[in-house]
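Chain residues, written in single-letter form:
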Amino acid sequence: MPKVSEDHLAARRSQILDGARQCFAQYGYDGATVRRVEETTGLSRGAIFHHFKDKDGLFLALAHEDAKRMADVVAEGGLVQVMRDMLASPEQFDWLGTRLEIARRLRTDPEFARDWTQRSAELTEATVRRLERQKSAGRLRDDLPTDVLLDYLDLVLDGLIARIASGHGGENLSAVLDLVEESVRRRDT
């Protein structure tokens, strides 16, 4: 029996994650049945679960991948820039539905919350590093601890995601992000 290459396995895993992302975004976690994931990916149950332990493992892997993608953007341009990008091109952010599902499961599933806390550290660390760099450069307020700024920006991000995902973008949201950005900038005296 021929050995499958690492590239093939990585491509298959990516195919599964892309299909699962669409499925979870469209149907939510509960509605994304294994049958629907099979249909969306075009792969059999066996092929899917060769790569992932179960549906929960698949969702966690997907959520972790999306958090990593977001961490990369945050590291480069900051969390407010991520939000601006979401407004400009919401179709590029297919992980919005995943983020909403994560929020729901964090409230309702203690085991998921434990796993997610461990896996989402990369996004938090990228945001904290960016905030600290901006503070050191004198661009951000220094009268607030970094963890308060982080919680504030996370809260705004969650609200924006909920707003966009519910179909209520609105023309004022760009001005709202200007206000958010201004509120965290250092004020010269």
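In this convention, every chain numbers its residues from 1, walking through the sequence in written order. At least 70 in pLDDT is required for a residue's local features to be given in this predicted model, at least 80 for side-chain atom pairs to be given and counted, and no such filter applies to totals for whole chains, interfaces and linings, which use all residues. Calculated side-chain values reflect all of the structure's heavy atoms, with hydrogen atoms and water omitted.

Some words on the overall build of the protein chain
Inference 1: Check the secondary structure of the protein chain and you find 10 helices and 0 strands.
Inference 2: In the protein chain, the succession of α and β elements from N to C terminus is α-α-α-α-α-α-α-α-α-α.
Inference 3: Reported as C-alpha extents along the three principal axes, the dimensions of the protein chain are approximately 70 × 35 × 30 Å.
Inference 4: Taking all 189 residues of the protein chain together, 39% fall into the buried category.
Inference 5: Of the contacts made within the protein chain by residues no fewer than 6 positions apart, 70% connect residues no fewer than 24 positions apart.
Inference 6: Computed with the Shrake-Rupley method and a 1.4 Å probe, the accessible areas treat only the protein chains shown as cover for residues. Accessible surface, the protein chain as shown: approximately 11,000 Å² in total, 49% of it carbon and sulfur.
Inference 7: The charged-residue count follows a simple rule in which Lys and Arg add positive charge and Asp and Glu add negative charge, with His and chain termini not counted at all. Note on charges: their place is set at NZ of Lys, CZ of Arg, CG of Asp or CD of Glu. Of the charged side chains in the protein chain, 28 are positive and 33 negative; the average position of the first set lies 2 Å away from that of the second. Going along the chain from the N terminus, every DSSP run of H or I of four or more residues is numbered as a helix, and every run of E of two or more is numbered as a strand. Under the scheme applied here, a residue whose accessible area is under 20% of the maximum for its type counts as buried, over 50% as exposed, and between as partly exposed, the area being computed with a 1.4 Å probe on protein chains only. Contact definition: two residues touch when any of their heavy atoms are within 4.5 Å.

Section: the packing of helix 4 (residues 55–77) against helix 7 (residues 110–119)
Inference 1: Whenever a helix is involved, its axis is fitted only over the stretch in contact; in every case the axis is a line through C-alpha atoms, and angles between N-to-C directions fall within 0 to 180 degrees. Between helix 4 and helix 7, whose axes approach to 10 Å, the crossing angle comes to 30°. With respect to helix 7, the axis of helix 4 lies roughly parallel. Here helix 4 and helix 7 pass one another in a crossing that is right-handed. Seen from helix 4, the contacting residues are D56, F59, L60, A61, A63, H64 and A67; seen from helix 7, they are F112, D115, W116 and R119.
Inference 2: Polarity classes work like this: nonpolar for Ala, Val, Leu, Ile, Met, Phe, Trp, Tyr, Cys and Pro, charged for Asp, Glu, Lys and Arg, and polar for all others, with Gly in that last group. Of the residues belonging to the contact of helix 4 with helix 7, the class tally is 7 nonpolar, 1 polar and 3 charged. Just so you know how the angles are binned, under 35 degrees is roughly parallel, over 145 roughly antiparallel, 65 to 115 roughly perpendicular, and the rest oblique. Crossing handedness follows the turn of the near helix against the far one: under a right angle anticlockwise gives a left-handed crossing, and clockwise gives a right-handed one.

Some remarks on the packing of aromatic side chains
Inference 1: A pair of aromatic rings is counted whenever rings of Phe, Tyr or Trp (Trp by its six-membered ring) have centres within 6.5 Å, and the orientation is called stacked for planes under 30 degrees apart, edge-to-face for over 60 and tilted otherwise. Going through the model one piece at a time under the given rule, you end up with 5 aromatic pairs.
Inference 2: Ring centres of F24 and Y29 lie 5.8 Å apart, and the angle between their planes is 5°; on these two criteria the pair is classed as stacked. Each member of the pair, F24 as well as Y29, carries the same accessibility label: buried.
Inference 3: Arranged with centres 5.8 Å apart and planes meeting at 45°, the rings of F59 and F112 form a pair that is tilted.

Here's the deal with the nonpolar core
Inference 1: Counting 48 residues, the largest nonpolar core has F24, L58, M83 and M86 as its most contacted members.
Inference 2: Of all the elements, helix 4 adds the most residues to this core, at 10 residues.
Inference 3: Once residues within four sequence positions are removed from consideration, F24 is found in contact with Y29, A32, K55, L58, F59 and L62. We define a nonpolar core as any set of buried Ala, Val, Leu, Ile, Met, Phe, Trp, Tyr and Cys residues linked to one another through side-chain atoms lying within 4.5 Å.

Re the environment of F93
Inference 1: Here F93 is to be found in the loop between helix 5 (79–88) and helix 6 (96–108).
Inference 2: Residues F93 and M70, 23 residues apart in the sequence, show an inter-C-alpha distance of 9.7 Å.
Inference 3: Not counting residues up to four positions away in its chain, the partners in contact with F93 are V82, D85 and M86.

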